[in-house]
Amino acid sequence: MTAQTVNVALTCLLAVLIAALLGLAAACLARHEGATLPTAMVRAAQTFACTLTVLAAVTAALASVLQ
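Residues numbered from 1 in each chain as written. Predicted model: local features only at pLDDT ≥ 70, side-chain atom pairs only at ≥ 80, totals over all residues. Heavy atoms only, no water.

**Details of the layout of surface pockets**
With a probe scaled to a water molecule rolled over the atoms, the places where space remains empty come into view.
So, step 1. As a volume, the largest pocket reaches approximately 350 Å³.
So, step 2. Sort the elements by how many residues they give to the lining of the largest pocket and helix α1 (residues 3-32) lands first, with seven residues.
So, step 3. Residue composition of the lining of the largest pocket, by class: nine nonpolar, five polar and no charged. (1 Å grid on protein atoms, 1.4 Å probe; cavity = no way out; pocket = protein on both sides within 12 Å on 5 of 7 lines; lining within 4 Å. Points joined across faces, edges and corners; volume = space filled by probe spheres on them. Helix = DSSP H or I, 4+ residues; strand = E, 2+ residues; numbered from the N terminus. Nonpolar A, V, L, I, M, F, W, Y, C, P; charged D, E, K, R; others polar.)

Here you go:
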């Protein structure tokens, strides 16, 4: 594996980890505000999807600029 492949894999892993942590935080805040568990899980899924989409767009933009 080349160094570039390793960097891409680590960047993708970091993006997924950040999105998962933000989704978990959104679910915890929803539960703290009194939301039911299904509602909190929906909020977590929405936050995860939005964060992952934004991070993918930023990563793609950076990759195109750095090449």
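**Regarding the pattern of salt bridges**
So, step 1. Under the defined criterion, the tally for this structure stands at one salt bridge.
So, step 2. E33 is paired through a salt bridge with R43; the nearest N and O atoms lie 3.3 Å apart. Residue E33 is found in the loop between α1 and α2 (37-66), and its partner R43 is found in helix α2; the two are separated by ten residues along the sequence.
So, step 3. For R43, a relative accessible area of 34% puts it in the partly exposed group. (Salt bridge = Lys/Arg side-chain N within 4 Å of Asp/Glu carboxyl O. Buried < 20%, exposed > 50% of the residue type's maximum accessible area, 1.4 Å probe, protein only.)

Keep in mind these numbers describe shape, not what the thing actually does.
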